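Listed below are the residues making up each chain.
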Amino acid sequence: MAVVDSPVDWVNKHIRDYVESDGAKGHEWQPGVYTLLLTTTGRKSGNPRRTALIYQPYGDAHVVVASHGGAPEHPAWYRNLQADPAARVRVGPREFAVTARTATGEERARLWDLMNEVWPDYAEYQTRTDREIPVVVLDPA
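Residues numbered from 1 in each chain as written. Predicted model: local features only at pLDDT ≥ 70, side-chain atom pairs only at ≥ 80, totals over all residues. Heavy atoms only, no water.

Identification of the protein as Deazaflavin-dependent oxidoreductase (Nitroreductase family) from Saccharothrix algeriensis is taken from an unreviewed UniProt entry.

Here it is, written out as structure tokens:
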């Protein structure tokens, strides 16, 4: 089954560049800001869905933020993970299976601060929505 990439044009191009270059283009998206490719299973379609996300390492895991730019609803990739936490991640040339979980409590607070250090816009996104923006830990499966 073919992977369906993000419908957002610039994200789709970022994914293509990332895959075609084995991560040489796109892993470091901006100076000091790194992205991974996350492939989830569509909760309605059952098809693999791929997007690019800013991440930070967290021990053997990786952390991403379901900000959706501060939209009132969670991004589709996060809703897919809620339905099925098994996913695949590509970091540079490496691809591997992960299990997603939403950080809570003190861990969430600590990881929220970590992610805001690398991408300060997350704090602004939080002011745009009433939902608590999820911080997601992608643990190796």
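The structure having been displayed, the exposition proceeds.
Chemist: Residues and numbers for the side chain of H27, please.
Modeler: Relative to the assigned elements, H27 resides in the loop between α1 (9–20) and β2 (28–30). Residues within four places of H27 in sequence aside, it is in contact with Y18, V33, Y34, T35, Y55, V91 and G92. (Helix = DSSP H or I, 4+ residues; strand = E, 2+ residues; numbered from the N terminus. Contact = heavy atoms within 4.5 Å.)

Chemist: Just give me the short version of the side chain of N80, but keep the residues and values in it.
Modeler: Here N80 shows up in helix α2 (residues 76–83). In contact with N80, not counting residues within four places along its chain, are T40, T41, G42, R43 and R49.

Chemist: Describe the nonpolar core, with residues and values.
Modeler: Across soluble globular proteins, nonpolar side chains have a tendency to be buried as a group. Core analysis: the largest hydrophobic core is formed by 17 residues, its most contacted members being L36, L38, W77 and L138. Ignoring any residue separated from it by four or fewer positions in sequence, one finds W77 in contact with L38, T40, T51, L53, V64, V65, A66 and V136. Formed by 16 residues, the second largest nonpolar core is a distinct cluster that contains A61, V63, V65 and V118. (Core = buried A, V, L, I, M, F, W, Y, C linked by side-chain atoms within 4.5 Å. Buried < 20%, exposed > 50% of the residue type's maximum accessible area, 1.4 Å probe, protein only.)

Chemist: Explain unusual backbone geometry to me, and be specific about the residues and the numbers.
Modeler: Unusually for a residue other than glycine, D22 sits at a positive phi of about 60°. Since its relative accessible area comes to 41%, D22 is described here as partly exposed. The phi torsion at H68 lies on the positive side, around 50°, for a residue other than glycine. Mapped onto the fold, H68 is located in the loop between β6 (61–65) and α2.

Chemist: Could you give an account of the pattern of salt bridges, naming the residues involved and the relevant values?
Modeler: Applying the stated criterion across every chain yields a total of 9 salt bridges. In this structure, R110 and E106 form a salt bridge, with 3.6 Å as the shortest nitrogen-oxygen distance. Linking R110 with E106, this pair stays in helix α3 (residues 105–118), spanning 4 residues, or about one helical turn. R110 sits in the partly exposed class, given a relative accessible area of 40%. Exposure remark for E106: the relative accessible area of 65% places this residue in the exposed category. The closest approach of N and O atoms between E132 and R108, which form a salt bridge, is 3.5 Å. Taken as a pair, E132 in the loop between α4 (121–127) and β9 (135–140) and R108 in helix α3 lie far apart in primary sequence, 24 residues in all. Overall, the relative accessible area of 10% leaves R108 in the buried class. One network of salt bridges, in which partners are shared, links R101, E107 and D139. (Salt bridge = Lys/Arg side-chain N within 4 Å of Asp/Glu carboxyl O.)

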